[in-house]
Amino acid sequence: MIPAAFEYYRPKDLSGVISILEEHGDDARVIAGGHSLIPMMKLRMADVPHLIDLQDIPGMSEITVTADAITIGAMTTQHDIIDHDGLATAAPILREAALQIADPQVRYMGTVGGNVANGDPGNDMPGLMQCLNATFTLVGPDGERTVPAREFYEAAYMTAREDEEILTAVTIPTPKGGYAYEKQKRKIGDYATAAAAVQIIKDGDTCTAASIAMTNLSDTPIWSEDAAAALVGTSLDSVALKAAVDAMLVDIDPSEDNRGPVAFKRHVAGVILTRAIERAWSRA
Amino acid sequence: MSKKMHISLTVNGKQEEFLAEPRELLIYTLRERLNITGPHIGCETSHCGACTVTIDGKSVKACTMFVAQADGADVTTIEGLGNPDSLHPLQEAFKEHHGLQCGYCTPGMITRAAKLLEENPNPTEDEIRFGMAGNLCRCTGYQNIVKSIRAAATEMNAAKEAAE
Ligand SMILES: Cc1cc2nc3c(=O)[nH]c(=O)nc-3n(C[C@H](O)[C@H](O)[C@H](O)COP(=O)(O)OP(=O)(O)OC[C@H]3O[C@@H](n4cnc5c(N)ncnc54)[C@H](O)[C@@H]3O)c2cc1C
Ligand code: FES
Ligand code: FES
């Protein structure tokens, strides 16, 4: 399990990173926590002749929480998210999801930026960020731009990020209402067989708004507008729940792998989404 | 082969300086370059936790870090926690409560448990199981590992109180 040789860089600022990315194009990649990239390099499924470590770039692990928005620096780890009191109050779904990612050792290293930039359909944060309507800040040779999470994912490992851009932060409108992140996995540390992120707003007995995103059930995360629409205006009776699940099942497109055949995954997706909606509703 | 880089590491309080290829995995640096063979290689694929060490206050799987990333870091392995003449309370408790059988997972278990108790000095059984979820054991069935960590927590808390 020895990866191919590479040149290692540890620049002190973003412009240092960008100039190496510009010089080497496709042959260069950044490394954050390394817990997706290093396993791929060890298997020689990723070939990275020029590896740029982001650990010395200042200001990339900051978390700011205001009444309207939450900004999380790309180098914030899953452990940092779990540990942050302000976040636990302002957006408890982040903590609930982070606690279901990998295991303690991996969570000390795995970063939010790496998780959302990676483009692996198994990663939990992309779906979560689509549910929360996050935007990603990208910095490249031409300056800064933002891309909504709901428009970022094109296919497995294909995203709207250009090769010479770095993802520096994730910004989320401070969520309101009830929440749940529900995940079915074969064992601790496993990627999802199916996972659902749900936010629901309730007024009296009626659902007034909802957002639903599914993980590892297509080659990108699936933000299901129709599933959410099936809940709005209802009091979440069994008819509404079933309509939401049916709508979600139209949007996903799972493939068979060692987590099971398609029919099983679709079944699990329905169970997980039902549980997530029920829990989010009970907290709304 | 890429060119070697100068690496400087603190391992168990001792400063180490050497030249290494950046792709060298930290577990090999420890075991083969520095002869620190407490951290083991179980799966080599980031799953089993046998290679767990503490790096700058984090529990890390040393098979999933390049030595280049660790340049400048402070590393603690099982060798830095206790020694045969003066066992760490966790080592004492694992011995006392049969927290090991073959012992292969034990250095990683104890190194991880030490960090867990630092962050949560009085964990419940559930918190121990959750906090130790990155370490696999093929022998014990975990029961006695949990018991050992609980016992060490009690012991360490009592010692702390006595000192105050
Ligand atoms: C045993 C194990 C179990 C796991 N289980 C789960 C799980 O259940 N759910 C889950 O979501 N993840 C899981 N992971 C993955 C883990 O959460 C990763 O750490 C995470 O996906 C990637 O974050 P990273 O910081 O390690 O990224 P890296 O591995 O450093 O990078 C991943 C990719 O993103 C790119 N990248 C990183 N940062 C940036 C940036 N700022 N800008 C642009 N590109 C960037 C890199 O170039 C690389 O291509 C698991 C990993 C392991 C080893
Ligand atoms: S050897 Fe590192 S996790 Fe198994
Ligand atoms: S004691 Fe044998 S693997 Fe744990």
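None of these values were measured; they are calculated from a predicted model.

Here is what the cut-offs are and how they apply
- Residues numbered from 1 in each chain as written.
- Chains lettered and ligands numbered in written order.
- Predicted model: local features only at pLDDT ≥ 70, side-chain atom pairs only at ≥ 80, totals over all residues.
- Heavy atoms only, no water.
- Helix = DSSP H or I, 4+ residues; strand = E, 2+ residues; numbered from the N terminus.
- Rg over C-alpha atoms; globule rule 2.2 N^0.38 Å.
- Buried < 20%, exposed > 50% of the residue type's maximum accessible area, 1.4 Å probe, protein only.
- Contact = heavy atoms within 4.5 Å.
- Areas by Shrake-Rupley, 256 points an atom, 1.4 Å probe, with all protein chains shown as cover.
- Lys, Arg positive; Asp, Glu negative; His and termini not counted.
- Charge placed at Lys NZ, Arg CZ, Asp CG, Glu CD.
- Domains from an automatic or database assignment.
- Buried area = accessible area lost by both parts, 1.4 Å probe.
- Salt bridge = Lys/Arg side-chain N within 4 Å of Asp/Glu carboxyl O.
- Polar contact = N/O pair within 3.5 Å; in protein donor to acceptor, adjacent residues only side chain to side chain.
- Nonpolar A, V, L, I, M, F, W, Y, C, P; charged D, E, K, R; others polar.
- Core = buried A, V, L, I, M, F, W, Y, C linked by side-chain atoms within 4.5 Å.
- Axes fitted to C-alpha atoms, helices over the stretch in contact; angles between N-to-C directions.
- Parallel < 35°, antiparallel > 145°, perpendicular 65-115°, else oblique.
- Left-handed = near helix turned anticlockwise from the far one by under 90°.
- Patch = residues over 30% accessible without salt bridge, like charges linked within 9 Å, V, L, I, M, F, W, Y side chains within 5 Å.
- 1 Å grid on protein atoms, 1.4 Å probe; cavity = no way out; pocket = protein on both sides within 12 Å on 5 of 7 lines; lining within 4 Å.
- Points joined across faces, edges and corners; volume = space filled by probe spheres on them.
- Near = heavy atom within 4 Å.

(A) A look at the overall build of chain B. Along its length, chain B carries 5 helices and 5 strands. In chain B, the succession of α and β elements from N to C terminus is β-β-α-β-β-β-α-α-α-α. A globule of 164 residues ought to have a C-alpha radius of gyration of about 15 Å, and chain B, at 16 Å, matches this closely. In terms of its C-alpha atoms, chain B occupies a principal-axis envelope of roughly 50 × 35 × 25 Å. When burial is assessed residue by residue, chain B has 52% of its 164 residues classed as buried. Here the contacts in chain B between residues at least 6 apart in sequence split such that 54% fall between residues at least 24 apart. Total accessible area computed for chain B in this model is approximately 7,700 Å², and 50% of it derives from carbon and sulfur atoms. Charge centroids of chain B, computed over 16 positive and 21 negative side chains, lie 6 Å from each other.

(B) Representation of the environment of Ile-93 of chain A within the structure. Residues and elements named next belong to chain A. Along the chain, the position of Ile-93 falls in helix H5 (residues 92-98). Here Ile-93 falls in the buried class, since its relative accessible area comes to 0%. Sequence-wise, Ile-93 and Asp-257 are 164 residues apart; in three dimensions their C-alpha atoms are separated by 28 Å. In contact with Ile-93, not counting residues within four places along its chain, are Leu-128, Leu-132, Tyr-179, Ala-180, Tyr-181, Ala-197, Val-198 and Gln-199.

(C) Highlighting the domain arrangement of chain A. All names here are of chain A. If you check the domain split of chain A, you get domain 1 (7-53), domain 2 (63-173) and domain 3 (178-283). Each of domain 1 and domain 2 was reduced to a C-alpha centroid, and the two centroids are 19 Å apart. In this assembly, 11 residues from domain 1 lie in contact with 15 residues from domain 2. Between domain 1 and domain 2 lies a buried interface of about 1,100 Å² when both sides are counted; carbon and sulfur atoms form 74% of it. If you look at where domain 1 meets domain 2, you find 0 salt bridges. A per-element tally of the side of domain 1 that touches domain 2 places helix H1 (residues 14-24) first, with 5 residues.

(D) Local environment of the domain arrangement of chain B. Residue and element names in this part refer to chain B. Structurally, chain B comprises domain 1 (5-80) and domain 2 (89-163). Taking the mean C-alpha position of each, domain 1 and domain 2 sit 22 Å from one another. Roughly 1,100 Å² is buried in total at the junction of domain 1 and domain 2, and carbon and sulfur atoms are behind 55% of that figure. Put simply, domain 1 and domain 2 have 0 salt bridges between them. At the junction of domain 1 and domain 2, the tally comes to 6 residue pairs in polar contact (both at pLDDT 80 or more). At the level of elements, strand S3 (52-55) and strand S4 (58-61) are the ones that each hand at least two residues to the side of domain 1 that touches domain 2. Among the elements that take part in the side of domain 1 that touches domain 2, S3 stands out by supplying 3 residues, more than any other. Looking at side-chain class alone, the side of domain 1 that touches domain 2 contains 6 nonpolar, 11 polar and 1 charged residues.

(E) Region of interest: the nonpolar core. One finds Leu-94, Met-129, Phe-136, Leu-167, Val-170 and Ile-172 of chain A to be the most contacted residues of the largest nonpolar core, which totals 54 residues. Listed in part, the 35 residues of the second largest apolar core include Ala-46 of chain A together with Met-5, Ala-20 and Met-65 of chain B.

(F) Inspection of the packing of helix H3 (residues 106-119) of chain B against helix H5 (residues 143-163) of chain B at higher detail. Residue and element names in this part refer to chain B. Where H3 meets H5, the closest approach of the two axes is 11 Å, and the angle between their N-to-C directions is 45°. Our classification of the angle between H3 and H5 gives oblique. Considering how the two elements wind past one another, H3 and H5 form a crossing that is right-handed. Residues Met-109, Ala-113 and Leu-117 of H3 form the contact with H5, whose participating residues are Ile-145, Ile-149, Ala-152, Ala-153 and Met-156. Among the residues making up the contact of H3 with H5, the classes are represented as 8 nonpolar, no polar and no charged.

(G) View of a nonpolar patch on the surface. All names here are of chain A. Together, Met-1, Leu-43 and Met-45 make up an exposed nonpolar region whose accessible area comes to about 310 Å². Of note, Met-45 is situated in the loop between helix H2 (37-42) and strand S3 (50-53). Classification of Met-45 as exposed rests on a relative accessible area of 60%.

(H) Here's a closer look at empty space enclosed by the protein. All names here are of chain A. Counted under the stated rule, the structure contains 1 cavity of 30 Å³ or more. Considered as a void within the structure, the largest cavity measures approximately 50 Å³ in volume. Split into classes, the residues belonging to the lining of the largest cavity amount to 4 nonpolar, 5 polar and 2 charged. Three or more residues apiece are contributed to the lining of the largest cavity by two domains, here domain 2 (63-173) and domain 3 (178-283).

(I) Focus on the site of ligand 1. As a matter of local geometry, ligand 1 sits amid 34 residues, with Val-30, Gly-34, Leu-37, Thr-111 and Asp-124 of chain A nearest to it. Near ligand 1, residues from chains A and B are present, making the site a shared one. The contact in question runs from an oxygen atom of ligand 1 to an N or O atom on the side chain of Asn-123 of chain A, over 3.0 Å. In this structure, Leu-167 of chain A approaches ligand 1 through a main-chain N or O atom, which is 2.8 Å from a nitrogen atom. Where the shell around ligand 1 is concerned, the elements lending two or more residues are strand S2 (28-31), helix H6 (104-109), helix H7 (112-118) and strand S10 (166-173) of chain A. Here the residues of the shell around ligand 1 sort into 14 nonpolar, 15 polar and 5 charged.

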